[in-house]
Amino acid sequence: PKLILSSFGHFGVQIFIFLSGYGLAKSFASMPTQRTISFTLKHIYKVYFLLFVGLCFLLIGRYIGLSKISTSTLLEFGFKRASLLSNFSMDTLFELAGPWWFIGFIVQMYLLFPWLFKLLKRFGGKALFGILLVSYVILLSTGPLVGEIKFPMYGNFIGHLPEFSFGIFMAIYPQTK
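Criteria and thresholds
Along every chain, residues carry numbers that run from 1 in the direction the sequence is written. A pLDDT threshold of at least 70 governs which residues receive local features in this predicted model, and a stricter bar of 80 or more applies before side-chain atom pairs are shown or counted, although totals over entire chains, interfaces and linings include all residues. Working from all heavy atoms in the structure, the side-chain values ignore hydrogens and water. Numbered from the N terminus, helices here are DSSP runs of H or I no shorter than four residues, and strands are runs of E no shorter than two. Throughout this description, buried means an accessible area under 20% of the type-specific maximum (1.4 Å probe, protein chains only), exposed means over 50%, and partly exposed covers the range between. Any two residues whose heavy atoms approach within 4.5 Å at even a single point are treated as in contact. Surface accessibility follows the Shrake-Rupley procedure with a 1.4 Å probe radius. Residue values consider only the protein chains on display as shielding. Cavity means a closed set of points on a 1 Å grid over the protein atoms alone, one where a 1.4 Å probe fits but cannot get out, pocket means an open set with protein on both sides within 12 Å along at least 5 of 7 lines, and lining means a residue has an atom within 4 Å of a point. Grid points are joined across faces, edges and corners, and a volume is the space filled by probe spheres set on the points. Three residue categories are used. Nonpolar comprises Ala, Val, Leu, Ile, Met, Phe, Trp, Tyr, Cys and Pro, charged comprises Asp, Glu, Lys and Arg, and polar comprises the others, including Gly. Buried residues of nine kinds, namely Ala, Val, Leu, Ile, Met, Phe, Trp, Tyr and Cys, make up a nonpolar core once their side-chain atoms join them within 4.5 Å. Expected helix span is given by 1.5 Å per residue-to-residue step, counting one fewer step than there are residues. Note on geometry: axes are lines fitted to C-alpha atoms, helical ones only across the stretch in contact, with angles between N-to-C directions running from 0 to 180 degrees. An angle below 35 degrees is treated as roughly parallel, one above 145 as roughly antiparallel, one from 65 to 115 as roughly perpendicular, and anything else as oblique. The term salt bridge refers to a pairing of a side-chain nitrogen on Lys or Arg with a carboxyl oxygen on Asp or Glu at a separation within 4 Å.

Enquirer: For the overall build of the chain, give the residues involved together with the corresponding values.
Expert: A count of helices and strands for the chain gives eight helices and zero strands. Starting at the N terminus and walking to the C terminus, you meet the elements of the chain as α-α-α-α-α-α-α-α. Classification of the 177 residues of the chain by burial places 38% in the buried group. Counted over contacts in the chain with a minimum sequence separation of 6, partners at least 24 positions apart contribute 64%. Looking at the chain as shown, the accessible area adds up to about 10900 Å², and 74% of this sits on carbon and sulfur atoms.

Enquirer: Describe the layout of surface pockets, with residues and values.
Expert: Counted as a void, the largest pocket has a volume near 170 Å³. The wall of the largest pocket is formed by V47, L50, L51, G54, P99, W100, F102, I103 and I106. Elements supplying a minimum of two residues to the lining of the largest pocket: α3 (36–63) and α6 (101–123). The biggest single contributor to the lining of the largest pocket is α3, with four residues. Residue composition of the lining of the largest pocket, by class: eight nonpolar, one polar and no charged.

Enquirer: Hey, could you go over the environment of H43 for me, with residue numbers and the actual values?
Expert: Among the secondary structure elements, H43 is positioned in helix α3. Residue classification places H43 among the buried residues on the basis of a relative accessible area of 11%. When the C-alpha positions of H43 and I106 are compared, they lie 9.5 Å apart, and in sequence the two are 63 residues distant. In this structure H43 touches L24 and Y110, once residues within four positions along its chain are discounted.

Enquirer: Describe the nonpolar core, listing the residues and the values that go with them.
Expert: A general tendency of soluble globular proteins is for nonpolar side chains to be buried together. Membership of the largest hydrophobic core comes to 38 residues, with the highest contact counts inside it found for F113, F117, L120, F164 and I168. Secondary structure elements with two or more residues in this core: α2 (9–29), α3, α6, α7 (125–149) and α8 (157–172). It is α6 that contributes the most residues to this core, 11 residues altogether. Setting aside residues no more than four positions away along its own chain, F164 makes contact with I17, S20, G21, L24, M109, F113 and L116.

Enquirer: I'd like a description of helix α4 (residues 71–83), backed by residues and values.
Expert: For α4, with 13 residues, the first-to-last C-alpha span of 18 Å sits near the 18 Å given by 1.5 Å per residue. Looking at the buried side of α4, the elements it contacts are α3, α5 (90–93) and α6. After α4 finishes, the residue L84 shows a positive phi value of roughly 70°.

Enquirer: Explain the packing of α3 against α6 residue by residue, including any values.
Expert: Here α3 crosses α6 at 170°, and the two axes come no closer than 10 Å. With respect to α6, the axis of α3 lies roughly antiparallel. Residue-level inspection shows T36, F39, T40, H43, I44, V47, Y48 and L51 of α3 in contact with α6, the latter providing I103, I106, V107, Y110, L111, F113, P114 and K118. Of the residues contributing to the contact of α3 with α6, the split by class is 12 nonpolar, three polar and one charged.

Enquirer: Before we move on, can you summarise the pattern of salt bridges with the specific residues and values?
Expert: In this structure the tally under the stated criterion is one salt bridge. The partner of K80 in a salt bridge is E76, and the shortest N-O contact between them spans 3.1 Å. On the criterion of helical spacing, the pair formed by K80 and E76 is a turn pair, its members being four residues apart in helix α4.

Enquirer: Hey, could you go over α3 for me, with residue numbers and the actual values?
Expert: With 28 residues, α3 extends 41 Å from end C-alpha to end C-alpha; this agrees with the ideal 40 Å at 1.5 Å per step. At the C-terminal side of α3, G65 shows a positive phi close to 95°.

Written out as structure tokens, the structure is:
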């Protein structure tokens, strides 16, 4: 039973990313006086705060003996996550613990969000179709190369751009069926 359920875990990631795009768009649209830069920085700050808290727990775990990871390895791990560099290599994407890849990914999406929002708001379905088309062409055409170049396409914005954009679109155009 666990094996069957665990194979569907990636759908949870996609649903979460769709809901993230949807929620960001609803939040952004509900504050018409909100400045794009302050909105984006506020969300990025929250992610970095959680990164810092998580790293503190890892360091505490190391010092009370729950982990044998060296302090320098933890600091290097934290730097890679904070700099967003770990998302660009298969060797570091799932380093130490799997879910940490999401930190770099969500910051990329927060930085991309204002442009996607404006594009979708201005051009609607045409922009969504264009984003989906470009995303899928890139994903399908680079699929065979990903193993050779060791680039984690789905650990970065391009791999989840379709569902994130679709979430934004559905928030802007809720009457769409």
